[in-house]
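# Breakdown of the fold
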Amino acid sequence: MESTPVRVRFAPSPTGHLHLGNVRTALFNWLFARREGGTFILRIEDTDAERSTQASVDSVLEDLRWLGFDWDEGPEAGGSYGPYRQTERYGLYSRYAKQLLDEGKAYRCYCTQEELDAQRQAARDAGRPFIYPGTCRFLTEKERQEREEKGIKPALRLKVQPKTVAFRDIVRGPVSIHTNAFGDWILVRPDGSPTYNFAVVVDDSLMKISHVIRGEDHLSNTPKQILLYEAFGFPLPQFAHLSMILGPDGSKLSKRHGDVSVDAFREKGFLPQALDNGLALLGWSDPDGIEVFDLSALMGRFGLDRVNKAAAVFDAAKFRHLNREHLKKMSEEELLAVTRPYLERASRLPEGELNPEVKAWALSLAPLLRERMEVLSDAVSATDPLFVFDPASMDDEARAILAEPDASRVIKAFLAKAKQADLARPGAYRALVLEIKDELKVKGKALFHPIRVALTCAASGPELEMLVPMLAAGARLSLPTPILGPVERCERIFST
RNA sequence: GUCCCCAUCGUCUAGCCCGGCCUAGGACACCUGCCUUUCACGCAGGCGACGGGGGUUCGAAUCCCCCUGGGGACGCCA
């Protein structure tokens, strides 16, 4: 429409870790800002003194950065509409509160929380919705004075006229709600702190927010806020309410569905680009049906016009699949970099700078990893065939293979030749097996199965032509968990 | 309970705004087959949906109404 510059904001409350629902909101805001060449603002809504912590602020910033979102204005970025923490904006709120009071658009309410709780309970028992009856709205000056003298600290309420508030939501279309669904709501608490709906409007207006993109759980707050915009004479932003992300049981995604914090997903080994990708697909779809994107590709295609109205159920399997897709696109170096923390923790790679031999060997693990990982933590099980060798825990299938008629002949022959050869050399293993085939006249399963079991204690696993060189080369390295070479493995099998 | 929002395969969705091209397309998951010394990967197939009822129309997944179902909000939380 007009040429108002696009300014959007993500406004988390720092009361814990960022969770997937919030992240989706952050993502859509960020994508929209970047796509439109607008400004992305981060604002910390820390008015809940009880639950807000600095540690949480830090983790939120860290999570956002990890996910690839940068903010143009906000904590650590500055900007000319600050401060960007609500607790630092209290002066602003009281100024605007006073304005409403002076203009007669708001009034002091002396009802105590206990009184209101009782009324709320009574209404509930009667099966009626509780709406503040406006008790204090028509207090005479004398009555007011009495309460002041009793030392009752008043809250500030907005005078709300009965009417229908209608607006057009970018994703939902026309929405209308009657004001008697909420009545005269509280702007400022007796202790002088602003309520959410009040602070949001003041902040969004002062920060010149053009599009308010947030979760659908805020849809019913919107009319309250619109009334305030009107009371102040502030221009209305455009609203876009994103549908909820649901858990498998169909209710709003929350801790009840397990740990859904970004943190937990990072820990499990999800890549930020996969998380961004999956979240984008929860409610948005590409016009050409493309499903695998990194952040910048997403940015090039995103639009609010293709956001779905229906709620979406979070499906971890789809996220794992996307993670795999992103893993497949990584170079050996990148793969090593992202899996290293997991391999180090499992004592499979040394910490710190890797010497050239170890580094080269670690890079050679890439094909093995790429083929057997969905999430980064799978790097450990993917490298089990290299690091774990335990004849005692062999399963029945493997034992049966060793009991085959030709098994020990084959292994014996393999062992003899392996001692003479350098199995770390590409092709050496293959040549060696071919020789055995000719000499012993054993082929196929009778040939390969015993060798596999002797080398890995398992009936199935990675291709031996790929595995054996890794084993042989790895055995020469000094690793936190030493690798047993092919020869040693065969010898162990015989000694058990 | 009241108000608001929503409703296509098990899940994410395309299609819906501008009815016919839809015997409803894709992806994930699942199943089968192929590839392979095995597993995994990969490849090829398969299973599988317009919640119900009324309209409107020559024609409805698409438009309207009702019902049902689901979700959200009803806080001096954000």
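Scroll up for the structure.
Now for a look at the structure at hand. (Residues numbered from 1 in each chain as written. Chains lettered and ligands numbered in written order. Predicted model: local features only at pLDDT ≥ 70, side-chain atom pairs only at ≥ 80, totals over all residues. Heavy atoms only, no water.)

## Things to note about helix α18 (residues 407-420)
Helix length check: α18 (14 residues) gives 21 Å between terminal C-alpha atoms against 20 Å at 1.5 Å per residue, within 8%. The set of residues buried in α18 consists of Ala407, Val410, Ile411, Ala413, Phe414, Leu415, Lys417 and Ala418. If you follow the buried residues of α18, they end up packed against α17 (396-402), α19 (428-440), α20 (445-456) and α22 (486-494). (Helix = DSSP H or I, 4+ residues; strand = E, 2+ residues; numbered from the N terminus. Expected span 1.5 Å × (residues − 1). Buried < 20%, exposed > 50% of the residue type's maximum accessible area, 1.4 Å probe, protein only. Contact = heavy atoms within 4.5 Å.)

## Overview of the protein's contact with RNA strand B
Close contacts around RNA strand B come from 57 residues, with Arg172, Arg189, Ser220, Gly250 and Arg372 the closest. The sugar and phosphate moieties of RNA strand B supply 73% of its atoms located within 4 Å of the protein. Within the contact set of RNA strand B, a base nitrogen lies 2.8 Å away from a side-chain nitrogen or oxygen of Arg452. Elements with a minimum of two residues in the surface near RNA strand B: α4 (113-125), β6 (173-178), β11 (312-313), α11 (316-328), α14 (366-372) and α20. Take the surface near RNA strand B: its biggest share by element is 5 residues, from α11. Among the residues forming the surface near RNA strand B, the class breakdown is 18 nonpolar, 18 polar and 21 charged. (Near = heavy atom within 4 Å. Polar contact = N/O pair within 3.5 Å; in protein donor to acceptor, adjacent residues only side chain to side chain. Nonpolar A, V, L, I, M, F, W, Y, C, P; charged D, E, K, R; others polar.)

## Concerning the side chain of Thr47
Residue position: Thr47 is located in the loop between β2 (39-42) and α2 (54-67). Beyond its immediate sequence surroundings of up to four residues, Thr47 is in contact with Gln86, Thr87, Tyr90 and Pro194.

## Description of the packing of helix α1 (residues 20-35) against helix α9 (residues 272-281)
At their nearest, the axes of α1 and α9 sit 10 Å apart, and the two run at 85° to each other. Taken as axis vectors, α1 and α9 run roughly perpendicular relative to one another. Across from Leu20, Val23, Arg24, Leu27 and Phe28 in α1, the residues of α9 making contact are Asp276, Leu279 and Ala280. (Axes fitted to C-alpha atoms, helices over the stretch in contact; angles between N-to-C directions. Parallel < 35°, antiparallel > 145°, perpendicular 65-115°, else oblique.)

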